[in-house]
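# Coordinate analysis (summary)
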Amino acid sequence: GNISRCDFRSTVRPQKSELFVKGLGWPAGGEAHKMLLRRLFCFENATIPAVLEGSRMYDQVETFLNEQRSSHLDILQDLLRIPSVSADSAFAGSVREAANFVRQQLAEAGMEAAIHETPGHPIVTGEWRKAGADAPTVLVYGHYDVQPPDPIDLWTTPPFEPTIRDGKIYARGATDDKGQMLTHILSAAAWLKTVGRLPVNVIFVIEGEEEVGSNNL
């Protein structure tokens, strides 16, 4: 049957509802799940079969990510080994190497990937616009450059030799922003490699000058 209309005025036209529901990845279930759909997303005419399809897609993606966990960690560590310090011209070659690495990951994910030259360090973009003109477009921002690692003597392990201790990975850029940025790319890749599509149009903009003011963004 249909999930009843929410109490709030819907901002989603009825003909878009199933598209949105399919992309959520919510597990099918009882009233709690249906209430979340109503309250958070205000769907009209959202059918239980659509929710079930979304759940199946989510399971596919989750299974793929679990299976690829080790290889994804290897990819992250390879990126962390690149000393892409944007503030020091001595590392310009490494910054370029990181840009090429990110472009490759976007391309392998199934995006139209490109490097855009600037007066400074390059900007990398990736686009997937096959969800349709009526679907939302999500812009994902990130950066591949990192802060200088000084003072080196305060590091327990070398900043560009990623090390896993107590379930955490230590390296310059592990969270700001290579780890977070790569998570977004690999998540999109998981959808495209399992489901074959994304529920929304996506544009990635990954720059190499965030740590120096983003003057050329």
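Rules used throughout
- Residues numbered from 1 in each chain as written.
- Predicted model: local features only at pLDDT ≥ 70, side-chain atom pairs only at ≥ 80, totals over all residues.
- Heavy atoms only, no water.
- Axes fitted to C-alpha atoms, helices over the stretch in contact; angles between N-to-C directions.
- Helix = DSSP H or I, 4+ residues; strand = E, 2+ residues; numbered from the N terminus.
- Parallel < 35°, antiparallel > 145°, perpendicular 65-115°, else oblique.
- Left-handed = near helix turned anticlockwise from the far one by under 90°.
- Contact = heavy atoms within 4.5 Å.
- Pairing = 2+ DSSP bridges.
- Core = buried A, V, L, I, M, F, W, Y, C linked by side-chain atoms within 4.5 Å.
- Buried < 20%, exposed > 50% of the residue type's maximum accessible area, 1.4 Å probe, protein only.
- Lys, Arg positive; Asp, Glu negative; His and termini not counted.
- Salt bridge = Lys/Arg side-chain N within 4 Å of Asp/Glu carboxyl O.
- Polar contact = N/O pair within 3.5 Å; in protein donor to acceptor, adjacent residues only side chain to side chain.
- Expected span 1.5 Å × (residues − 1).

### What about the packing of helix 4 (residues 69-80) against helix 6 (residues 178-194)?
Look at helix 4 against helix 6: their axes get within 10 Å of each other, and the N-to-C directions meet at 140°. Comparing the axis directions of helix 4 and helix 6 gives the class oblique. The two elements helix 4 and helix 6 cross, and the hand of that crossing is right-handed. Of the residues in helix 6, those in contact with His72, Ile75, Leu76, Leu79 and Leu80 of helix 4 are Lys178, Gly179, Met181, Leu182 and Leu186.

### Brief notes about the sheet that holds strand 2 (residues 123-128)
Strand order in this open sheet of 4 strands is 1-2-6-3, and the pairing throughout is mixed. Looking along the sheet, the strands with just one partner apiece sit at the ends: strand 1 (112-116) and strand 3 (137-143). Between one strand and the next, the sheet's axes are offset by a mean angle of 15°, whatever the strand orientation. The strands touched by helix 5 (residues 92-109) within the sheet are strand 1, strand 2 and strand 6 (201-207), with strand 1 carrying the most contacts at an inclination of about 165°.

### So, the nonpolar core
With 36 residues, the main nonpolar core has Val102, Met111, Tyr144, Leu198 and Phe204 as its most contacted residues. At 9 residues, the largest contribution of residues to this core is made by helix 6. In this view, Leu198 contacts Met111, Trp128, Ala131, Ala188, Trp191 and Leu192; residues no more than four positions away in its chain are not counted.

### Description of the side chain of Glu211
Note that Glu211 resides in the segment after strand 6. The charged side chain of Glu211 is buried without a salt bridge, its nearest counter-charge being Arg172 at 7.4 Å. At 3.0 Å, the side chain of Glu211 forms a polar contact with the side chain of Gln147. Setting aside residues up to four positions removed in sequence, Glu211 forms contacts with Ser86, His143, Asp145, Val146, Gln147 and Asp176.

### Looking at helix 4
Compared with the 16 Å implied by 1.5 Å per residue over 12 residues, the 16 Å span of helix 4 between its first and last C-alpha is a close match. Those residues of helix 4 not exposed but buried are His72, Ile75, Leu76, Gln77, Leu79 and Leu80.

### Considering the pairing of strand 2
Among the 6 residues that make up strand 2, 5 are buried, leaving the element largely enclosed by the rest of the structure. Where strand 1 and strand 2 come together, 5 bridges link them in antiparallel fashion. Its bridge partner being in strand 2, Glu112 is matched across the sheet by Glu127. From the end of strand 1 to the start of strand 2, which pair antiparallel, there are 6 residues. Sheet topology places strand 2 next to strand 6; 5 bridges connect them, and they run antiparallel. Bridge assignment links Thr125 to a residue of strand 6, and that residue is Val205.

### Here's the deal with unusual backbone geometry
Negative phi characterises most residues that are not glycine, and trans characterises most peptide bonds. Pro151 follows Asp150 through a cis peptide bond whose omega is -5°. Tracing the backbone through its elements, the reader meets Pro151 in the loop between strand 3 and strand 4 (163-165). Omega for the peptide link from Asp176 to Asp177 comes to 5°, which places this bond in the cis form. With respect to the helices, strands and loops of the structure, Asp177 is situated in the loop between strand 5 (168-170) and helix 6. With phi around 55°, Asp166 is a residue other than glycine that occupies positive phi space. Mapped onto the secondary structure, Asp166 falls in the loop between strand 4 and strand 5. The backbone of Ser214 shows a phi angle near 55°, a positive value even though the residue is not glycine. For Ser214, the location among the structural elements is in the segment after strand 6. For Ser214, a relative accessible area of 21% translates into the label partly exposed.

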